Amino acid sequence: TIEVEGTAPLQSAPVNITLAPWETRVLDIMGDLVGNGNGIVKSKGGISITHTGAPGAVLARMFISKPTKGYSAANSFIDPGTTASQRWHGNGLRFRNLDGTKLSPVLTVRNTADQLSRVRGRIIYTLPDDSTGTIDLPQQPVAAGATRIIDLAAFIETADVPSAVTYGGIELDYDTPNGTVITSVQSISQNGDHVFQVPMFDPDKIPSSAGGFPWKADGDFTTVVYIKNETDTPKKYIAHLLHPGGQYSTDEQIIKPNQTIAINFRELRESQKPDGMGRVIPLEADNGQIAWSVRGAENKVLSGRSEQISLSEGVASTYSCANCCPDSFYDANIVPDWIELDFGSSGLMAPMQTDITCNQTLLGPYMIGSANWDSDNVNVVTVSGGSLFTQGVGTATIFATWETCLYSYPDCTPTCDETMKNSSVAVVPVVQIADFQVVQKGSSRNIFVGVSPTNNTHQITLKITKTSGTGSATFDNDTASKVITQSGTVEIKGVTESSAKDNFILEATIPTSNGTNTIASKTFSVAKVKISGTIGSGSSSEISATKNTIVGERIILEAEMVPSGLSISGHSWTLPGNVMKEFVVTSTSGSVAPVSPLNTANVDFVWYDGGDNREVEYQGTVNGYALSGKAIFNVARPTATITATSTAQTAVDSATGVYEIHLGVPGSNPGIAFTRTINSPSPYSSFSTQWVQLVDSFNFSSTDRSTGNPIQFTGITGLDEQYPYSTSNPTDSPGVIVANFKTSMSHNVTWSMYLMYKPSVGQDQNVFVPLRKITWSWVFTATESNGVWLATATSEPRNQNLTDAEASNLQWTSVIP
């Protein structure tokens, strides 16, 4: 007998049909049950079926579809007489689709009682930090015999659930008698193509808290497993994926009170995340069987189901197959079953368990997370949560104890006991060699070698072994082996340099009480600093003996470590004497450019003073250890003299072409003439010279003819006219035009004439440097009487040839025209 509600027109009377044995019949609601094929099914309603057979003899299911939207759903019928509570629970209520788009969760409630029923509930979800959140569903009245649709999306939106939360669990209760209220929950996509149904069940009629489902992950299919804790206390569970060729386990997990968790084995496959046994799901695996079970002595406390989803095909199907009983304990062990640890280190042990289902399928092994741990020798090693912490040298046995249960069929009564497994640990002393990479050739270095624990009484045997190439290194006893007691330093001598990087091994060995040896080793090289250089126009070569050079000759040095491949830091050069990168000349200044940088592997400079046995030093750091090298130079400086001659006298006339006070006449009788002699040692007999003249001081005063006001020029210094002043023997005939002045003038000027030298070998790179200078001056006073000027010179040019040291500083900051 079938009674239909929610159609137009209404069903006039229930329909009686007769089913033959084993018959299946498909009935159309309007055509077969209402009797009007042109009528409509309203948006909500219900169907009730009674039958004359024994309980369970008739199975019924209702299919709903809307082809224009792609909507399809299947609703199961319940027997109200089999309910045990006034509650309905469901797991895996989806808020969002796999692609993150929002879904519209809807609750449909039908009240079959003859009185008002009040329905209320809550949605419990898991936040990204694994805490839980709750959305309260306020009490909703449902009239007798009525069906009501409740929009759950509105409550979810109001609760401001984070977008990362995609699912939850739902719990409902009502106040009319058991079985008088039935519910249907589903989440619908915006386009109507996807319908995610949530099977609702009576939490007091939960089947066994274990089950199995098919797994499908080909194409874009995803299988999601939902497990919900139906109690107010934490529970444990385990889930497995059995795929062709192996299996994968989640290990023992804890699920919080009323929490719903989701397991996506496809995501675990794509991420290649290993389980506790180090197993991964093969990327080519796309089908298999999922198994899950509660862990412990409680049954019927967890619910579970799976959902297969395909976005492209608009598929969302649900499975909720329960096993006859939870899984039972089959076997266990601890991994590893033996471990050797260095003193001061830590280790990890893990208890592993294998279970068997009630249909005799083995599952596991998987990792247990709730074992109790103990050590029989805490002076050697302690243990906490499977983590081992060394305390001394010796051996110990580690014990792990945890609860295991066997379920008897068919009543699933658990029999639980403590399972204990053990594993062995050996803790050995540790030999430590301080980190080092090199020892300098011809030098020695102290290396720390230590033993932990410090109360260890064994001797340490040290050995140096060459593994490849050439070179040699020894201890301070001039041999390649040595024995020391306890911690301390050992001296290693670098005899000859290595031809290959890391071709020596320093090894320290100490025997232990269990018959094994503790060994530590470090690879190192015997290294030297190789300095190569280009001097003048020569080719680059290693500088292993004293080199000769001369002032102004370009020197380019490069430092490298032998053997190659060592990582160098902290380059540093030390250059003795007076050096410069070059002499920089601009339109208004000339100055010595300092040698920079000095913290690279290369340096480029010239000397402008001489001296023998000058040590250019380089220092580089390898792994914090400083290695040094040097190159020795004898720097020659030519001897030179400057001669200044003058036969001219200060005069006032137009002999120079203008009326002026002048000293000599350019060309015919210069005021002063300079000549030089240079003795440049072999092989630098070819060289270039030039002259540079600077105004050292300039003081001039006069009286303006028209105003009678004084005019003064004082303190003016700088380059005289140009750089260079001359490249041959220079002359100078200074003069002062007097046409614009009257009554008096005074003049006091001092010059320095520099003789510059540059060796010709590789002269494109070489630099002019000063050899000598001569200082001279011209001083006079002059007066006018009736348009006639009379000059009196108090100082004619004087020869003041300065020393080499006084001639070394050549610079100016302005130009005197």
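Residues numbered from 1 in each chain as written. Predicted model: local features only at pLDDT ≥ 70, side-chain atom pairs only at ≥ 80, totals over all residues. Heavy atoms only, no water.

Engineer: Hey, could you run me through the overall build of the protein chain in this one?
Structural biologist: The secondary structure content of the protein chain amounts to three helices and 64 strands. The C-alpha atoms of the protein chain give a radius of gyration of 51 Å, which is well past the 28 Å a tight globule of 817 residues would have. Structurally, the protein chain occupies a C-alpha span of about 155 × 85 × 40 Å along its principal axes. Considering only contacts in the protein chain between residues 6 or more positions apart, those separated by 24 or more positions represent 70%. About 37900 Å² of surface is accessible on the protein chain, with carbon and sulfur atoms providing 49% of the total. Charge centroids of the protein chain, computed over 52 positive and 75 negative side chains, lie 2 Å from each other. (Helix = DSSP H or I, 4+ residues; strand = E, 2+ residues; numbered from the N terminus. Rg over C-alpha atoms; globule rule 2.2 N^0.38 Å. Contact = heavy atoms within 4.5 Å. Areas by Shrake-Rupley, 256 points an atom, 1.4 Å probe, with all protein chains shown as cover. Lys, Arg positive; Asp, Glu negative; His and termini not counted. Charge placed at Lys NZ, Arg CZ, Asp CG, Glu CD.)

Engineer: I tried to follow the sheet that holds strand 6 (residues 103-111) on my own but got confused; where do I start?
Structural biologist: Picture the strands of a sheet paired through backbone hydrogen bonds; they go either parallel or antiparallel. Reading across the sheet, the four strands line up as 9-6-11-12 and stay open at both edges, with antiparallel pairing between neighbours. Both edges of this open sheet fall to strand 9 (147-151) and strand 12 (195-198), since each of them pairs with a single strand only. Strand-to-strand twist in this sheet, taken as the mean axis angle between neighbours without regard to direction, amounts to 25 degrees. Where strand 6 meets strand 9, five bridges bridge the pair, whose relative direction is antiparallel. Among the inter-strand pairings, valine 106 is bridged to a residue of strand 9, identified as aspartate 151. (Pairing = 2+ DSSP bridges. Axes fitted to C-alpha atoms, helices over the stretch in contact; angles between N-to-C directions.)

Engineer: Mind showing me how you'd approach the pairing of strand 5 (residues 87-94) here?
Structural biologist: Side chains on a regular strand alternate between the two faces of the sheet. The element strand 5 is largely enclosed, with a buried count of seven among its eight residues. Relative to strand 10 (residues 167-174), strand 5 runs antiparallel, the two being bridged by seven bridges. Looking at strand 10, one finds that glycine 90 is bridged to isoleucine 170. (Buried < 20%, exposed > 50% of the residue type's maximum accessible area, 1.4 Å probe, protein only.)

Engineer: Explain the pattern of salt bridges here, please?
Structural biologist: In a structure, side chains of opposite charge can pair up when their charged atoms sit close to one another. The full count for this structure, using the stated rule, is 29 salt bridges. Salt-bridge contacts for lysine 630 lead to glutamate 615; the nearest nitrogen and oxygen are separated by 3.3 Å. Of this pair, lysine 630 sits in strand 50 (residues 625-636) while glutamate 615 sits in strand 49 (residues 611-622); the two residues are 15 residues apart in sequence, bridging distant segments of the chain. What makes glutamate 615 partly exposed here is its relative accessible area of 33%. (Salt bridge = Lys/Arg side-chain N within 4 Å of Asp/Glu carboxyl O.)

Engineer: Is there a simple way to think about the sheet that holds strand 21 (residues 315-319) in this case?
Structural biologist: Reading across the sheet, the four strands line up as 18-14-20-21 and stay open at both edges, with antiparallel pairing between neighbours. Each edge of the sheet is formed by a strand with only one pairing partner; in this case those strands are strand 18 (260-264) and strand 21. In this sheet, neighbouring strand axes are inclined to one another by 25 degrees on average, regardless of whether the strands run parallel or antiparallel. Here strand 14 (residues 222-229) runs beside strand 20 (residues 302-310); their pairing, made up of eight bridges, is antiparallel. Its bridge partner being in strand 20, threonine 222 is matched across the sheet by isoleucine 309.

Engineer: Could you clarify how one ought to interpret the state of the cysteines in this entry?
Structural biologist: Throughout this description, disulfide means a covalent bond between two cysteine sulfur atoms. Under the criterion given, the structure shown has three disulfides. Here cysteine 324 connects covalently by a disulfide to cysteine 358, the sulfurs 1.8 Å from one another. Torsion about the S-S bond of the cysteine 324 and cysteine 358 cystine: about 140 degrees, corresponding to right-handed handedness. Residue cysteine 324 is located in the loop between strand 21 and strand 22 (328-335), and its partner cysteine 358 is located in the loop between strand 25 (350-356) and strand 26 (362-367); the two are separated by 34 residues in the primary sequence. Across the disulfide from cysteine 325 sits cysteine 412; the S-S distance is 2.0 Å. For the disulfide bridge between cysteine 325 and cysteine 412, the dihedral angle about the S-S bond is near -90 degrees, and by the sign convention the bridge is left-handed. (Disulfide = S-S within 2.5 Å.)

Engineer: I would appreciate a short explanation of the layout of surface pockets in the present structure.
Structural biologist: Empty pockets left among the atoms are what a rolling probe the size of a water molecule brings to light. Within this model, the second largest pocket holds a volume of roughly 920 Å³. In terms of lining residues, the second largest pocket is bounded by 34 residues, among which Tyr167, Ala262, Ile263, Asn264 and Glu267 are the most central. Counting only elements with at least two residues in the lining of the second largest pocket, the list comes to strand 14, strand 16 (246-249), strand 17 (253-255), strand 18 and helix 3 (265-271). Per element, the largest residue contribution to the lining of the second largest pocket is five residues, and it comes from strand 18. The residue makeup of the lining of the second largest pocket, split by class, is 16 nonpolar, 11 polar and seven charged. (1 Å grid on protein atoms, 1.4 Å probe; cavity = no way out; pocket = protein on both sides within 12 Å on 5 of 7 lines; lining within 4 Å. Points joined across faces, edges and corners; volume = space filled by probe spheres on them. Nonpolar A, V, L, I, M, F, W, Y, C, P; charged D, E, K, R; others polar.)

Engineer: For this particular structure, what's the right way to read the packing of aromatic side chains?
Structural biologist: Two descriptors summarise a pair of aromatic rings, namely the distance from one centre to the other and the angle between the planes of the rings. Scanning the entire structure with this criterion turns up 17 aromatic pairs. Geometrically, the ring pair formed by phenylalanine 605 and tryptophan 607 is edge-to-face, given 5.0 Å between the ring centres and 85 degrees between the ring planes. Residue classification places tryptophan 607 among the buried residues on the basis of a relative accessible area of 0%. Ring geometry for phenylalanine 687 versus tyrosine 757: centroids 5.3 Å apart, planes at 40 degrees, classification tilted. On the criterion of sequence distance, the pair formed by phenylalanine 687 in strand 55 (residues 687-704) and tyrosine 757 in strand 60 (residues 741-759) is long-range, its members being 70 residues apart. With a relative accessible area of 23%, phenylalanine 687 lands in the partly exposed category. Overall, tyrosine 757 belongs to the buried group, its relative accessible area being 0%. A cation sits over an aromatic face here: arginine 94 above phenylalanine 196, 5.5 Å from the ring centre. One Lys or Arg, arginine 445, reaches over the ring of tyrosine 625 and ends 3.9 Å from the middle of that ring. (Phe/Tyr/Trp six-rings, centres within 6.5 Å; stacked < 30°, edge-to-face > 60°. Lys NZ or Arg CZ within 6 Å of the ring centre and 35° of its normal.)

Engineer: Teacher, can you tell me more about the nonpolar core here?
Structural biologist: Within soluble globular proteins, side chains that are nonpolar generally end up buried alongside one another. Formed by 73 residues in total, the largest nonpolar core has its most connected members in Leu557, Phe605, Phe633, Ile661 and Phe674. Per-element accounting of this core gives the leading share, eight residues, to strand 60. Discounting residues that sit within four places of it in the chain, leucine 557 has contacts with Ile531, Ser532, Gly533, Ile543, Trp573, Ala601, Asn602, Val603, Phe605, Val616 and Phe633. Val225, Tyr248, Ile290 and Val294 belong to the second largest nonpolar core, which has 25 residues in total. (Core = buried A, V, L, I, M, F, W, Y, C linked by side-chain atoms within 4.5 Å.)

Engineer: Looking at this model, I keep getting lost on the side chain of threonine 183. Mind explaining?
Structural biologist: Turning to its location among the elements, threonine 183 is positioned in strand 11 (residues 181-189). By relative accessible area, which is 17% here, threonine 183 ends up buried. Apart from the residues lying within four places of it in its own chain, the contact partners of threonine 183 are Trp88, Leu107, Thr108, Val109, Leu172 and Met200.

Engineer: Explain the side chain of serine 208 to me, please; I cannot follow it from the model alone.
Structural biologist: Relative to the elements of secondary structure, serine 208 occurs in the loop between strand 12 and strand 13 (210-216). Judged by its relative accessible area of 9%, serine 208 falls in the buried class. At 3.5 Å, the side chain of serine 208 and the backbone oxygen of asparagine 323 are in polar contact. (Polar contact = N/O pair within 3.5 Å; in protein donor to acceptor, adjacent residues only side chain to side chain.)

Engineer: Help me out: how do you make sense of the environment of phenylalanine 95 in this one?
Structural biologist: Within the fold, phenylalanine 95 resides in the loop between strand 5 and strand 6. By relative accessible area, phenylalanine 95 is classed as buried at 6%. Counting along the chain gives 62 residues from phenylalanine 95 to glutamate 157, while the straight-line C-alpha distance between them is 9.9 Å. Contact partners of phenylalanine 95, with chain neighbours within four places excluded, come to Thr101, Lys102, Leu103, Ile123, Tyr125, Ile156, Val161, Val165, Thr166, Tyr167 and Gly168.

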